[in-house]
Amino acid sequence: MSLKKIIKTDLAPQAIGPYSQATISGNHLYVSGQLGMDLGTNELPPDFKSQVKNALYNVKAIVEAAESRLDRVLKVTVYLTDMSNFPEFNDLYSEFFLAQPPARELVAVKELPKGGLVEISCIGFIHDVM
């Protein structure tokens, strides 16, 4: 019996390195960091708002491919290359995590792969256990 299951979906950009879009171990879901890649072009749009929305949609697609939902996300990690975008990020983020938002940390970084402006990863669960 395998200790982990690999999650892969064509509804989010494919991994750009030697990693999986997500893995499941037991009841826990671990989604790899998602850039704001546009699924249609496989490119990053130039503006921050589009990158954030794409990254959130990409996370959502992967969570759903694991047969879970955003309300089962327990923790989100966000990387921004410019903290002046923090207020706009919060506005966009709140559209995806409406009630009982997950725990979160947001970290400023010097740069991200492919020149991205934001990267988002999360940890959640796949079955209701409460």
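Everything below is about the structure printed above this text.
Overview of the structure. Here the structure is a predicted model, which means the values were calculated and not measured.

Some remarks on the nonpolar core
Counting 30 residues, the largest nonpolar core has Leu29, Phe89, Val118 and Ile120 as its most contacted members. Sorting the residues of this core by element identifies strand S2 (22-25), strand S3 (28-35), helix H1 (48-65), strand S4 (73-80), helix H2 (86-94) and strand S6 (118-125) as the ones contributing at least two each. Of the residues forming this core, the biggest block, eight residues, is contributed by H1. Apart from residues lying up to four places away in sequence, Phe89 is in contact with Phe48, Val52, Val78, Leu80, Arg104, Leu106, Val118 and Ile120.

Some thoughts on unusual backbone geometry
The phi angle at Glu67 is positive, at roughly 60 degrees, despite the residue not being glycine. Along the polypeptide, Glu67 turns up in the loop between H1 and S4. Residue classification places Glu67 among the exposed positions, given a relative accessible area of 67%. The phi dihedral of Gln100 is positive, around 45 degrees, even though this residue is not glycine.

Topic: the sheet that holds S2
On the basis of which strands lie adjacent, the open sheet formed by six strands has the order S1-S2-S3-S6-S4-S5 and mixed pairing. One side of each edge strand has no neighbouring strand; the edge strands of this open sheet are strand S1 (5-7) and strand S5 (103-108). The sheet shows a mean angle of 15 degrees between the axes of neighbouring strands, direction not considered. Across three bridges, S1 lies against S2 in antiparallel orientation. By the bridge assignment, Ile7 is partnered in S2 with Ala22. Lying over the sheet, H2 contacts S4, S5 and S6, oriented at roughly 150 degrees with respect to S5.

Structural notes on the pairing of S4
Taken together, the seven bridges between S4 and S6 define a ladder with antiparallel strand orientation. Counted as the bridge partner of Tyr79 is Glu119 from S6. The pairing of S4 with S5 spans six bridges and is parallel. Paired with Val78 across the strands is Leu106, a residue of S5. Between the parallel pair S4 and S5, the chain is carried across by H2, and the sense of this crossover is right-handed.

The rules behind these values
- Residues numbered from 1 in each chain as written.
- Predicted model: local features only at pLDDT ≥ 70, side-chain atom pairs only at ≥ 80, totals over all residues.
- Heavy atoms only, no water.
- Core = buried A, V, L, I, M, F, W, Y, C linked by side-chain atoms within 4.5 Å.
- Buried < 20%, exposed > 50% of the residue type's maximum accessible area, 1.4 Å probe, protein only.
- Helix = DSSP H or I, 4+ residues; strand = E, 2+ residues; numbered from the N terminus.
- Contact = heavy atoms within 4.5 Å.
- Pairing = 2+ DSSP bridges.
- Axes fitted to C-alpha atoms, helices over the stretch in contact; angles between N-to-C directions.
- Right-handed = clockwise from strand over helix to strand, strands pointing away.

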